Amino acid sequence: MPGTELFGNEERKEINDVLETGILFRYNHDQQRNGIWKAREFEAEVAKITGAKYAHAMSSGSTAIATALAASGIGTGDEVIVPPFTYIATIEAVLFVGAIPVFAEIDETLCLSAEGIKAVVTPRTKAVCLVHMCGGMADMDALIAVINEHNLVLVEDAGQAFAASYKGTYTGLFGKAGSYSFDFFKIATAGEGGVLVTNDEAVYRNADSYSDHGHDHIGSNRGMEQHPILGFNYRISELHAAVGLAQTRRVPHIVEMNRKNKNLLTEILSQTEGISFARLADPSGDSATFLNMFLPDTEAAKRTVDELNKAGVGGFNYWYVNMYHFINQWDHIKELRTTSKLPVQLLGAPQNYAELDLPKSQEVIGRLISFGIRVTWTEDEVRSLAGKIAECAKRAMAPQVA
Ligand SMILES: *Cc1c(COP(=O)(O)O)cnc(C)c1O
């Protein structure tokens, strides 16, 4: 969690700028705010890193992906292809804009595959909500070919992939709109926050209004603004934006250190037979927040997890049993347990979420163990960790005594 590893005077300075004026609201109050516009600066910094034409900061990555869908015209009854491996917010966003999730297979990139999409696409499919997982990126050339062939809208949840790119284009910028999360567990944190990016002016205008009760944000008198559309409150506060700004400025350094540490870890672990790694569709664009390691099969991965726990090696995720990231544990989605009726419950879904057949995704996530890369590691620490991981994996892969 690099963002949370580096918190210091830079973050405090940006917060204090806001505290000096007391204007915690991102809009208006032009006189009192003394030229302090942290949300705008945060957006400019994200745009600088990604090359996005438009960046719009919001209250969370969840509200940013929901807004990306809505601003791209995805709503009630639209079928949206989603992956079974993602932070659950992606699926919630699709459901809460009224759309119908349709699950498709991922592959060794940990993201939706072109084959996976082809297997479930129908004339009713409206969009793909692609998720770039674990700091890496999807295989965009293949995906864009199938998306274009079927005339689908592409929206990207790059919640975990800020600063990752594919052949020079940053995640989030391949389709109509994309989103990044700046929650406490991402490459950079705002405490809570998210940023929507797009190169499409109309989508940006939609997002800007949708995330603030439909306001057009023209002029300096909020009470007299027009409301071109209906919206809701997904605003970020200036205090959160201030932290997000300072953290985003650190991202180029974080990525450089992440890559250095991940490269060394990868180099040492590749010497152990049986260990392999998730496929990076463009290795040069990795944000390197995770080392994603494959064991030969699910049983070997489970035994490796046991060995890692026995050896006291922390800092890893075994998503196969994790409550938040893989469909196996999403009982509330499988049973559609809700407080009030959602469109999917009235309209029905083309899939029974309790009986999805996704063997490829099961196989990939079953053998995946992800280690969070720390930006503050010393070389000795990386070498020592790599040694321990290799030992645990070797023990787990050795012939098992019945
Ligand atoms: C973290 C994350 C989100 C949600 O972000 P929040 O800021 O916590 O709301 C959405 N999608 C993915 C893929 C994420 O990893």
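Preceding this paragraph is the structure being described.
Presented here is an overview of the structure given in this document. (Residues numbered from 1 in each chain as written. Predicted model: local features only at pLDDT ≥ 70, side-chain atom pairs only at ≥ 80, totals over all residues. Heavy atoms only, no water.)

**Quick notes on the sheet that holds strand S12 (residues 316-317)**
The four strands lie next to each other as S10-S11-S13-S12, forming an open sheet whose pairing is antiparallel. The outermost strands of the open sheet, each flanked by one partner alone, are strand S10 (276-277) and S12. (Pairing = 2+ DSSP bridges. Helix = DSSP H or I, 4+ residues; strand = E, 2+ residues; numbered from the N terminus.)

**Examining the site of the ligand**
Taken together, 15 residues sit near the ligand, with Gly-61, Ser-62, Asp-157, Asp-183 and Lys-186 positioned nearest. Ser-62 is positioned such that a nitrogen or oxygen atom in its side chain is 2.5 Å from an oxygen atom of the ligand. Coverage of the ligand by the protein chains reaches 94% of its 380 Å² of free accessible surface. Put simply, the parts of the chain that give the shell around the ligand at least two residues each are helix H4 (61-71) and helix H5 (89-96). Residue classes in the shell around the ligand are distributed as three nonpolar, nine polar and three charged. (Near = heavy atom within 4 Å. Polar contact = N/O pair within 3.5 Å; in protein donor to acceptor, adjacent residues only side chain to side chain. Areas by Shrake-Rupley, 256 points an atom, 1.4 Å probe, with all protein chains shown as cover. Nonpolar A, V, L, I, M, F, W, Y, C, P; charged D, E, K, R; others polar.)

**Description of the pattern of salt bridges**
The final tally for this structure, using the stated rule, is 33 salt bridges. Residue Glu-238 is joined to Arg-33 by a salt bridge in which the shortest nitrogen-to-oxygen separation is 3.1 Å. Of this pair, Glu-238 sits in helix H9 (residues 238-269) while Arg-33 sits in the loop between helix H2 (9-21) and helix H3 (38-50), and the two are 205 residues apart along the sequence. Arg-33 carries the same exposure label as Glu-238, and that label is buried. Between Glu-45 and Lys-48 there is a salt bridge, and its shortest N-O distance comes to 3.5 Å. With a gap of three residues between them, Glu-45 and Lys-48 both fall in helix H3, about one helical turn apart. The exposure class assigned to Lys-48 is exposed, which follows from its relative accessible area of 63%. The structure contains a network of salt bridges with shared partners spanning Lys-13, Glu-14, Asp-17, Lys-38, Glu-41 and Arg-249. (Salt bridge = Lys/Arg side-chain N within 4 Å of Asp/Glu carboxyl O. Buried < 20%, exposed > 50% of the residue type's maximum accessible area, 1.4 Å probe, protein only.)

**Side note on a nonpolar patch on the surface**
A contiguous nonpolar patch, built from Tyr-87, Met-323 and Tyr-324 and spanning about 330 Å² of accessible area, is present on the exposed surface. Mapped onto the fold, Tyr-87 is located in the loop between strand S2 (79-82) and H5. Given a relative accessible area of 33%, Tyr-87 falls into the partly exposed group. (Patch = residues over 30% accessible without salt bridge, like charges linked within 9 Å, V, L, I, M, F, W, Y side chains within 5 Å.)

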